[in-house]
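Remarks on the overall topology
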Amino acid sequence: MHFVTVAAPLRTALTRHSVRHHHSLLIAMNLTRCNVAPTLLCAIVSVALTIDTVTAQAPTALPAYSILRSDEVRSLRAQVIETVVLGGSKTRRPSVVSDVALVGGHIFVLDGMQRHLLVYDSTGRFLREAAKYGDHDGGIESPIRLATHGDTVLLLDVTHRNAVSAFDAQGRFLGARYPDLSEASASSMAIGTATVAFAHMDADDRPSRSVVSIRDRRGRELATGCPSAPTYAQSLKRGGLLARFTARLVDMRGNRVYCAQAVTPVVTILDLQGRTVGHITVAPPFFAPPADIAETRNQKALLDYQSRWTALHGFRGTPTGFASTWSRYDAGAGRFVYRFFACDGDVTPGNCRTSEIPGEPVRIIASDRLLSVTSATDGSPSLATIRVGP
């Protein structure tokens, strides 16, 4: 397997908010269901590791990727080190945990099904409802993602007139953010020191259309970058299902912006001017590439389709590389199976590791730690802190 040498500046840049992180957004379906139902893969992203530097001009095509062999990756164990039951047996429980943010000793839980933002203390005791459904200031309509900036929680909403709403560490509404951004149409956002990046999720038949928008603190667009994967245009032309998995994932670390797309394991790396400066192009050994089928809304057919390929569930840049979570539907078990995959430094045997993850991962918090949603014995949703190690 051939790996390209990484230039020093880029190596340093690859040396952190998931953005799930989360399932891929099947925009043909109801947004609220998609935001909460893992069966609809609401935010598929694929990552890889081989990194190559390129010129500042954005490419018109994504580079090829390589799949690591199993003997090039260490198999580790996922250990639950703490579990918090959300709400307990007598107080407010979320119906579905769509996303989680930790701020000021509090746990913010986005319930995408009920369209509520709930606040719990560190023991899981319910404190307050920070936001509920409505088109008013402080309300939410189609929430899709949480992010943090200092002691502030930011909520990304696909359809609300306030695309991004801010809440303090107690869950009090602080106002709208990025006022010049009238409509997000985004599946994820990443917050930098003076900029914010959004990854757009709308389908488009232009293969090289930029899908990442970099904006200032008012939401004014400064730059765009990351060409849309050509597979989208191909699927649209033939009425395929793959074109509906259009969630993109964006992450920021320092002066680098990471852009991942549902239908390719290639991650594009941008500078703050939207110029392509490199790629991550390696997939884990268990990666299965997506194929395309005729568009359908039949649930059984959707599950069968999602059992044929592997989707990146979450991504986070780390000081020395990246960490990610992946999902694939297991038809035999009747559930989604989640795996952890992370790499440090050069792509050489021993620098990458993997593990199966219990529950559904919702946030990567470090290169070896993540939060995952599990169920207590009485069925209450729980938040487990998991460490991946030998």
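Residues numbered from 1 in each chain as written. Predicted model: local features only at pLDDT ≥ 70, side-chain atom pairs only at ≥ 80, totals over all residues. Heavy atoms only, no water.

1. Comments concerning the overall build of the chain
A count of helices and strands for the chain gives four helices and 28 strands. By the burial criterion, 58% of the 390 residues in the chain qualify as buried. Counting every atom, the chain has about 14,800 Å² of accessible surface; 49% of that belongs to carbon and sulfur. (Helix = DSSP H or I, 4+ residues; strand = E, 2+ residues; numbered from the N terminus. Buried < 20%, exposed > 50% of the residue type's maximum accessible area, 1.4 Å probe, protein only. Areas by Shrake-Rupley, 256 points an atom, 1.4 Å probe, with all protein chains shown as cover.)

2. Re the sheet that holds strand β27 (residues 369-375)
Spatial strand order, β4-β28-β27-β26: four strands in an open sheet with antiparallel pairing. Edge strands, defined here as strands with exactly one partner in the open sheet, are β4 (77-85) and β26 (360-366). Taken pair by pair, the neighbouring strands of this sheet meet at an average axis angle of 30°, ignoring direction. Two elements, β26 and β27, share five bridges in a ladder whose sense is antiparallel. Counterpart to Ala 366 in the pairing with β27 is Arg 369. (Pairing = 2+ DSSP bridges. Axes fitted to C-alpha atoms, helices over the stretch in contact; angles between N-to-C directions.)

3. Observations regarding the packing of aromatic side chains
Applying the stated criterion to the full structure yields 14 aromatic pairs. Plain terms: the ring middles of Tyr 329 and Phe 336 are 5.2 Å apart, the flat faces sit at 65° to each other, and that makes the pair edge-to-face. By the burial criterion, Tyr 329 is buried, and Phe 336 matches it. Counting every residue linked through ring pairs, the aromatic cluster contains Tyr 65, Phe 286, Phe 287 and Trp 326. Its guanidinium or amino end placed over the ring of Phe 286, Arg 339 lies 5.4 Å from that ring's centre, counting from NZ or CZ. (Phe/Tyr/Trp six-rings, centres within 6.5 Å; stacked < 30°, edge-to-face > 60°. Lys NZ or Arg CZ within 6 Å of the ring centre and 35° of its normal.)

4. Some points on the pattern of salt bridges
Side chains that carry opposite charge are capable of pairing whenever their charged atoms lie near each other. Following the criterion strictly, the structure yields 14 salt bridges and no others. In this structure, Asp 71 engages Arg 69 in a salt bridge whose closest nitrogen and oxygen atoms are separated by 3.1 Å. For Asp 71, a relative accessible area of 55% gives the class exposed. Residue Arg 220 is joined to Asp 216 by a salt bridge in which the shortest nitrogen-to-oxygen separation is 2.9 Å. Look at the salt bridges and you will find they share partners, linking Arg 69, Asp 71 and Glu 72 into a network. (Salt bridge = Lys/Arg side-chain N within 4 Å of Asp/Glu carboxyl O.)

5. A short note on the layout of surface pockets
Reported here for the second largest pocket is a volume of approximately 190 Å³. Along the wall of the second largest pocket there are 13 residues; nearest its centre are His 149, Arg 177, Tyr 178, Ile 191 and Arg 217. (1 Å grid on protein atoms, 1.4 Å probe; cavity = no way out; pocket = protein on both sides within 12 Å on 5 of 7 lines; lining within 4 Å. Points joined across faces, edges and corners; volume = space filled by probe spheres on them.)

6. What about the confidence of the model for the chain?
On average, residues of the chain score 81 in pLDDT, and 82% of them are at 70 or above. Within the chain, strand β6 (residues 106-111) carries the highest mean pLDDT (97), whereas helix α1 (residues 8-13) carries the lowest (27). Contacts from residues 1-59, a stretch scored under 50 in pLDDT, to residues over four places away or in other chains number 263 contacts. (pLDDT = per-residue confidence, 0-100. Contact = heavy atoms within 4.5 Å.)

7. Some thoughts on the sheet that holds strand β22 (residues 311-317)
Strand order in the open sheet formed by five strands is β3-β25-β24-β23-β22, and the pairing between neighbours is mixed. Looking at strand neighbours, the two that pair on one side only are β3 (73-75) and β22, the edges of this open sheet. Within the sheet, the average angular offset between the axes of one strand and its neighbour, ignoring direction, is 25°. Both strand β24 (residues 335-344) and strand β25 (residues 352-357) contribute to a ladder of six bridges, which runs antiparallel. The residue of β25 that forms the bridge with Phe 341 is Thr 354.

8. Comments concerning helix α3 (residues 230-237)
Residues of α3 that are buried: Tyr 232, Ala 233 and Ser 235. Projected onto a plane normal to the axis of α3, the buried residues spread over an arc of 165° and lie on a single side. On its buried side, α3 packs onto β17 (248-253) and β18 (256-261). Following α3 by one or two positions, Gly 239 adopts a phi angle in the positive range, close to 65°. (Arc of directions from axis to C-beta.)

9. Comments concerning the state of the cysteines
Enumeration over the complete set of coordinates arrives at two disulfides. Between the sulfur atoms of Cys 226 and its disulfide mate Cys 259 the distance is 2.1 Å. One quick way to see it: the torsion about the S-S bond of Cys 226 and Cys 259 is about -65°, and its sign makes the bridge left-handed. Placement of the pair is Cys 226 in strand β16 (residues 221-227) and Cys 259 in strand β18, with a sequence separation of 33 residues. With respect to burial, Cys 226 and Cys 259 carry one shared label: buried. (Disulfide = S-S within 2.5 Å.)

10. Notes on the environment of Ser 122
With respect to the helices and strands, Ser 122 occurs in the loop between β7 (116-120) and β8 (126-131). For the pair Ser 122 and Gly 105, spaced 17 residues apart in sequence, the C-alpha to C-alpha distance is 5.9 Å. Once residues lying within four places of it in the same chain are set aside, the contact partners of Ser 122 are Val 84, Gly 105 and Ile 107.

11. Side note on unusual backbone geometry
Positive phi, normally seen in glycine, also occurs at Arg 115, with a value near 60°. In this structure, Arg 115 sits in the loop between β6 and β7. Despite not being glycine, Cys 226 has its phi angle at roughly 70°, a positive value. The exposure class assigned to Cys 226 is buried, which follows from its relative accessible area of 0%.

12. What to know about the environment of Gly 171
With respect to the helices, strands and loops of the structure, Gly 171 is situated in the loop between β11 (164-167) and β12 (173-177). Through-space distance from the C-alpha of Gly 171 to that of Arg 128 is 7.3 Å; in sequence the pair is 43 residues apart.

13. Remarks on helix α4 (residues 299-306)
Leu 302, Leu 303, Tyr 305 and Gln 306 are the residues of α4 that are buried. Buried residues along α4 cover an arc of 160° about the axis, so they all sit on one side. Looking at where α4 begins, the residue whose side-chain oxygen comes 3.0 Å from the main-chain nitrogen of Lys 300 is Asn 298. (Polar contact = N/O pair within 3.5 Å; in protein donor to acceptor, adjacent residues only side chain to side chain.)

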